[in-house]
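The primary structure of each chain is shown beneath.
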Amino acid sequence: MLLKPTRSYAMAEQFLTNAELCNLLRCSMTTMWRMRREMPGFPQPRRLGRRLLWTTEQVAEILALTR
């Protein structure tokens, strides 16, 4: 008898690095840092060690705030 898995596995989230997001927005990393600190409602990235990672939902929010 085979057992069915108890967990449903969702698709893995996709992330952009801070450098990739800066390239997308055409801004410097310093400008990105300033926006994170000074703009109200600006999403905060996830950290993996020293890396800043942005989810696709966060990227959509950022594009809505900056455009």
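In case you missed it, the structure is sitting above this.
These lines cover the structure that appears in this document, whether it is placed above or below. Computed from a prediction, not measured in an experiment: that's the story for all the values here.

**So, the sheet that holds strand E1 (residues 15–17)**
Link 1 in the chain: Pairing in this open sheet of 3 strands is antiparallel, and the strands run E1-E3-E2 from one edge to the other. Each edge of the open sheet carries a strand with a single partner, namely E1 and strand E2 (46–48). Across the sheet, the mean angle separating the axes of adjacent strands is 40° when strand polarity is ignored.
Link 2 in the chain: Of the strand pairs in this sheet, E1 and strand E3 (residues 51–55) are connected by 3 bridges, and their pairing is antiparallel.

**With respect to helix H2 (residues 29–38)**
Link 1 in the chain: Buried within H2 are the following residues: Met 32, Met 35 and Arg 36. The buried side chains of H2 occupy one side of the element, clustering within an arc of 100° when seen end-on. What points out from H2, more than 90 degrees from its buried face, is the exposed set Arg 37 and Glu 38.
Link 2 in the chain: If you follow the buried residues of H2, they end up packed against helix H1 (18–25), E2, E3 and helix H3 (56–66).

Cut-off values and rules
- Along each chain, residues carry numbers from 1 onward, in the same order as the chain's sequence is written.
- Residue-level local features of this predicted model are given only where pLDDT is at least 70; pairs of side-chain atoms are given and counted only at 80 or more, and the full residue set underlies all totals for whole chains, interfaces and linings.
- To get the side-chain values, take all heavy atoms of the structure and skip hydrogens and water.
- For two strands to pair, DSSP has to find at least two bridges joining them.
- Secondary structure is summarised from DSSP: a helix means a run of H or I of at least four residues, a strand means a run of E of at least two, and numbering begins at the N terminus for each.
- In this description, a line fitted to the C-alpha atoms serves as the axis of each element, helices being fitted only across the stretch in contact, and the angle between N-to-C directions of two axes falls anywhere from 0 to 180 degrees.
- Note on exposure labels: buried denotes an accessible area under 20% of the residue type's maximum, exposed denotes more than 50%, and partly exposed covers the range between, all computed with a 1.4 Å probe on protein chains only.
- Our arc is simply the arc of the directions from the helix axis toward the C-beta atoms.
- By definition, residues are in contact when any of their heavy atoms lie within 4.5 Å.

No statement about biological role is implied by the geometric values presented.
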